[in-house]
Amino acid sequence: GADPGGARHYRGNRSLSSSIEGRFERRRCLAGTRRCLRRTGTAYRCNRRLLPSFADRSSEMDYGWYNLGLLYDHLDRTAEAIDVYRQALKINPFSVAPWTHLGIANGKLERYPDAIASFQRAVELDPDNAAIHYNIGYAHLLSGNEAAAKMIVEELYTLDPEVADR
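So, how was this worked out
Residues numbered from 1 in each chain as written. Predicted model: local features only at pLDDT ≥ 70, side-chain atom pairs only at ≥ 80, totals over all residues. Heavy atoms only, no water. Salt bridge = Lys/Arg side-chain N within 4 Å of Asp/Glu carboxyl O. Helix = DSSP H or I, 4+ residues; strand = E, 2+ residues; numbered from the N terminus. Buried < 20%, exposed > 50% of the residue type's maximum accessible area, 1.4 Å probe, protein only. Expected span 1.5 Å × (residues − 1). Contact = heavy atoms within 4.5 Å.

Caption draft 1: Up close: the pattern of salt bridges. Counting across every chain of the model gives three salt bridges. Of the charged contacts in the structure, one is a salt bridge between Asp 73 and Lys 108, with a shortest N-O distance of 3.0 Å. Of the two residues, Asp 73 sits in helix H4 (residues 62–74) while Lys 108 sits in helix H6 (residues 96–108), which places them 35 residues apart along the sequence. Here Arg 77 ties to Glu 80 by a salt bridge, and the two come within 2.5 Å at their closest N and O atoms. Under the relative-accessibility criterion, Arg 77 is labelled partly exposed at 24%. Judged by its relative accessible area of 29%, Glu 80 is partly exposed.

Okay, structure coming up:
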């Protein structure tokens, strides 16, 4: 499916990525994540190999934790993904993608108030992202709050009518 608030909205740690070592490490971690996602059967083993790389090299590597969360999510290990997204957000609370995916993961576990809170934080950081607004409305609908969902859809028509029609 689509990746609302995904890579194009991701804002990594700028001070680390400004160094040569940081850029190299980021590319290595992202390449490892992509390899893991392509080979779902080996993703868990690869994930366990990459985690020490992310955690030991620098506690400032929020994108490593975010990518690890994506791996857990891909393997339907949603509770672990939530923990890892929270770790990424401890390092960089201004990153939209982990907030968005934290909301999606909470929604998968039917924790709708937590999902809505995560999506709302993502919207505060990226108010023009129609996909995140859609996710808030959908979480309200799944939680049984149809009035709130309807209000979100009406707001969404001003942002992006195509997304609102989903």
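Caption draft 2: View of helix H5 (residues 78–91). Its 14 residues place the ends of H5 20 Å apart at the C-alpha level, agreeing with the 20 Å of an ideal helix rising 1.5 Å per residue. The elements touched by buried residues of H5 are H4 and H6.

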